[in-house]
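What follows is each chain in one-letter form.
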Amino acid sequence: MKMPENNLLEELEWRGLIHQCTDQEGLAKLLASGSQTVYIGFDPTADSLHVGSMMQLMMLRRFQKAGHRPIALVGGATGMIGDPSGKSEERNLLSAEQLQKNVDGVASQMRRFLDFGDKGSESAELAGNNALLLNNFDWMRGYSYLEFLRDVGKSFPVGVMMGKESVRSRLESESGLSYTEFSYMLLQAYDFVHLSREHGCLIQAGGSDQWGNITAGIDLGRRMHGQQLFGITAPLLTTSDGRKMGKTESGAIWLDPTRTSPYQFYQYWRNVDDADVMRCIAYLTEIERAEYEELQTATQSDPGRRAAQNRLAEWLTEFVHGEEGLANALRASKMLFGGEIGVQTDASLSEIFADVPSQEVDRGLLEGEGYWIVQALQDAKLVSSGGEARRAVKEGGVYVNNIRATDEKQRLKKDDLASESVLVMRKGKKNYALLRFV
């Protein structure tokens, strides 16, 4: 999985992926000295990762392709508490059973981004730079409270915690900060110390909102073992006006296709604003710099073509959902522009034509002689009269499931349905309506 020889930090630099670094010169020397181990933590608050997690997964992937070993650390222990960073109030605590379900869900998605070799677990026999998938619950569950205070707590000054913006802002807020959340930074800091001791991991990466937690781990490693550790963060994935990307009016954009379909995923990236698209390409894809600059020029000279958005959407959809997922997304997108509909499901048509008005009609109309197309156009509210419907058919401007209707006497039957209960009607190029037979 190793990429062609290049300087990893230079790669991260041109992509704009270095937001903070504890010692960039020292980190460069460390990376140049041979294969290193780097980790990023993932909060298992759901059984699927979302678009925001892709920044960190791609960061680990870039390290792995440059010959280094990535550790994806799932916070089974810290997830029971919840990171207060960037949060205005305390999270609901998850049960051990729900956490395990979430861990299992995100683990399968990580395999699209990272090469875990045969097993991808702490007990696996590692070869080369195979990734590791670890859960901090595995080393925290046997730690008693008193032991943790004795071994770790004594090396962690309260002043370090109080100086972190994530803690200070919560202390000053109306909701305050519980002792449980206050302990989160200590637990995460210890993860870095544990991984450095057990796996030779000297580098922690993450989003810029994790800077306080990362530097706390570096400080703890120095105090406990006199060890030099390194931290590097990437910017958060936000729009040009500062909003987090990966959210829509209907919710988050998930990597799980049952939560966010490949079509919805594709459309999200297809509709990214011109001000954000090049940054998304740099942050989230492996598109090379030469092509990046070509897309940048195309966006500046002819934004209407949306060349960068199309490339971004296709690259990410294929990467996350595979060739079949991309093919389905492209096919669905073409339907909106008159492409063949074929056999679909009610769910898929509802999703593709989410913004198209629909009307319910009696399923019995499809029996017997069938449902007169002139009446169907009126029921779909695409025409205001039978005369208008007949003229539209005669002029070749009426389509049933994107197939042109040529006979004003046509009768529609069950076999004409595009899915279990839906008929897609169209008048002209863009005037769609759905008929739902109930």
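Everything here concerns the structure above.
All of these numbers come straight from a predicted model, not from anything done at the bench. (Residues numbered from 1 in each chain as written. Predicted model: local features only at pLDDT ≥ 70, side-chain atom pairs only at ≥ 80, totals over all residues. Heavy atoms only, no water.)

### Overview of the overall build of the chain
Summing up its helical and strand segments, the chain has 18 helices and 15 strands in all. Taken along the three principal axes of its C-alpha coordinates, the chain extends 85 × 45 × 45 Å. Expressed as a percentage of its 438 residues, the buried residues of the chain come to 53%. In the chain, the proportion of contacts linking residues at least 24 apart, taken out of those at least 6 apart, comes to 73%. In the chain, which carries 49 positive and 60 negative side-chain charges, the distance between the mean positions of the two groups comes to 3 Å. (Helix = DSSP H or I, 4+ residues; strand = E, 2+ residues; numbered from the N terminus. Buried < 20%, exposed > 50% of the residue type's maximum accessible area, 1.4 Å probe, protein only. Contact = heavy atoms within 4.5 Å. Lys, Arg positive; Asp, Glu negative; His and termini not counted. Charge placed at Lys NZ, Arg CZ, Asp CG, Glu CD.)

### A closer look at the pattern of salt bridges
Applying the stated rule across the entire model yields 19 salt bridges. Glu286 serves as the salt-bridge partner of Arg61, at 2.4 Å between the closest nitrogen and oxygen. Here the residue Arg61 occupies a position in helix α3 (residues 51-65), and Glu286 occupies one in the loop between α13 (274-284) and α14 (289-301), the gap between them amounting to 225 residues. In this structure Arg61 comes out as buried when scored by relative accessible area, which is 13%. The residue Asp219 makes a salt bridge to Arg222 at a minimum N-O spacing of 2.5 Å. Pair noted here: Asp219 and Arg222 are both in helix α11 (residues 211-225), with a separation of 3 residues, about one helical turn. Here the salt bridges share partners, and the residues they tie into one network are Asp47, Lys101 and Arg259. (Salt bridge = Lys/Arg side-chain N within 4 Å of Asp/Glu carboxyl O.)

### Some remarks on a nonpolar patch on the surface
On the surface, Tyr145, Leu146, Leu149 and Tyr179 cluster together into a nonpolar patch covering about 480 Å² of accessible area. Ranked by residue count, the leading element in the nonpolar patch is helix α6 (residues 145-151), at 3 residues. Summarising the element assignment, Tyr179 is placed in helix α9 (residues 179-182). (Patch = residues over 30% accessible without salt bridge, like charges linked within 9 Å, V, L, I, M, F, W, Y side chains within 5 Å. Areas by Shrake-Rupley, 256 points an atom, 1.4 Å probe, with all protein chains shown as cover.)

### Section: unusual backbone geometry
Positioned with a positive phi, Lys381 is a non-glycine residue whose angle comes to about 65°. With respect to the helices and strands, Lys381 occurs in the loop between α17 (373-379) and α18 (386-394). With a relative accessible area of 61%, Lys381 lands in the exposed category. We note that Asn401 has phi near 55°; this positive angle belongs to a residue other than glycine. As for its position among the elements, Asn401 is in the loop between β11 (398-400) and β12 (403-404). By relative accessible area, which is 11% here, Asn401 ends up buried.

### What to know about the environment of Gln24
Mapped onto the secondary structure, Gln24 falls in helix α2 (residues 24-32). On the basis of relative accessibility, which here comes to 31%, the residue Gln24 falls in the partly exposed class.

### Quick look at the sheet that holds β12
With mixed pairing, 5 strands are arranged side by side in an open sheet as β9-β15-β14-β11-β12. For this open sheet the edge positions go to β9 (358-361) and β12, each flanked by a neighbour on one side alone. Pairing between strand β14 (residues 422-427) and strand β15 (residues 431-437): 6 bridges, direction antiparallel. Looking at β15, one finds that Leu423 is bridged to Leu435. (Pairing = 2+ DSSP bridges.)

### Some remarks on the environment of Met162
Position of Met162 among the secondary structure elements: in helix α7 (residues 158-162). Filtering out sequence-adjacent residues up to four positions away, Met162 remains in contact with Arg168, Leu171 and Phe182.

### Things to note about the side chain of Ser421
By the secondary structure assignment, Ser421 is in the loop between β13 (411-412) and β14. A polar contact is formed between the side chain of Ser421 and the side chain of Asp346, at a distance of 2.7 Å. (Polar contact = N/O pair within 3.5 Å; in protein donor to acceptor, adjacent residues only side chain to side chain.)

### Describing α11
Taking 1.5 Å of rise per residue, 15 residues should cover 21 Å, and α11 covers 21 Å from first to last C-alpha, within 8% of that figure. All of the buried residues along α11 are Gly212, Asn213, Ile214, Thr215, Ala216, Gly217, Ile218, Asp219, Leu220 and Gly221. In the core, the buried residues of α11 are packed alongside α7, α10 (184-199), β5 (201-207) and β6 (230-234). One or two residues past the end of α11 sits Gly226, with phi positive at roughly 60°. (Expected span 1.5 Å × (residues − 1).)

### What to know about the nonpolar core
A general trend in soluble globular proteins is that nonpolar side chains are found buried together. Grouped together as the largest cluster of nonpolar side chains are 98 residues, with contacts concentrated most on Met110 and Trp269. Counting residues per element, this core draws most heavily on helix α15 (residues 307-335), at 10 residues. Discounting residues that sit within four places of it in the chain, Trp269 has contacts with Val51, Leu237, Met245, Cys280, Leu284, Gln309, Leu312, Ala313 and Leu316. Judged by nonpolar contacts, the second largest core, of 23 residues, contains Ile373, Ala376, Leu423 and Ala433. (Core = buried A, V, L, I, M, F, W, Y, C linked by side-chain atoms within 4.5 Å.)

### Let's talk about the packing of α3 against α15
α15 packs onto α3 with a crossing angle of 80° between their chain directions and a minimal axis gap of 14 Å. One finds that α3 runs roughly perpendicular with respect to α15. Mapping the contact onto sequence places Met54, Met58 and Arg61 in α3 and Trp315, Leu316, Phe319 and Val320 in α15. For the contact of α3 with α15, a count of residues per class yields 6 nonpolar, no polar and 1 charged. (Axes fitted to C-alpha atoms, helices over the stretch in contact; angles between N-to-C directions. Parallel < 35°, antiparallel > 145°, perpendicular 65-115°, else oblique. Nonpolar A, V, L, I, M, F, W, Y, C, P; charged D, E, K, R; others polar.)

### Remarks on α14
Counted at 1.5 Å a residue, the expected span for α14 with its 13 residues is 18 Å, and the 18 Å between its end C-alpha atoms agrees. Every buried residue of α14 is accounted for by Tyr292, Leu295, Ala298 and Thr299. Seen along its axis, α14 keeps its buried residues to an arc of 125°; they face one direction. Exposed residues on α14 whose side chains face more than 90 degrees from its buried face are Ala290, Glu294, Gln300 and Ser301. In this structure, the buried residues of α14 make contact with α1 (8-14), α13 and α15. (Arc of directions from axis to C-beta.)

### Quick word on the packing of aromatic side chains
Describing an aromatic ring pair means giving the distance of the ring centres and the angle of the ring planes. Enumeration over the complete set of coordinates arrives at 11 aromatic pairs. Ring geometry for Trp315 versus Phe319: centroids 5.0 Å apart, planes at 20°, classification stacked. Placement of both Trp315 and Phe319 in helix α15 is noted, with a separation of 4 residues, approximately one turn of the helix. The residues Trp315 and Phe319 share a single accessibility class, namely buried. (Phe/Tyr/Trp six-rings, centres within 6.5 Å; stacked < 30°, edge-to-face > 60°.)

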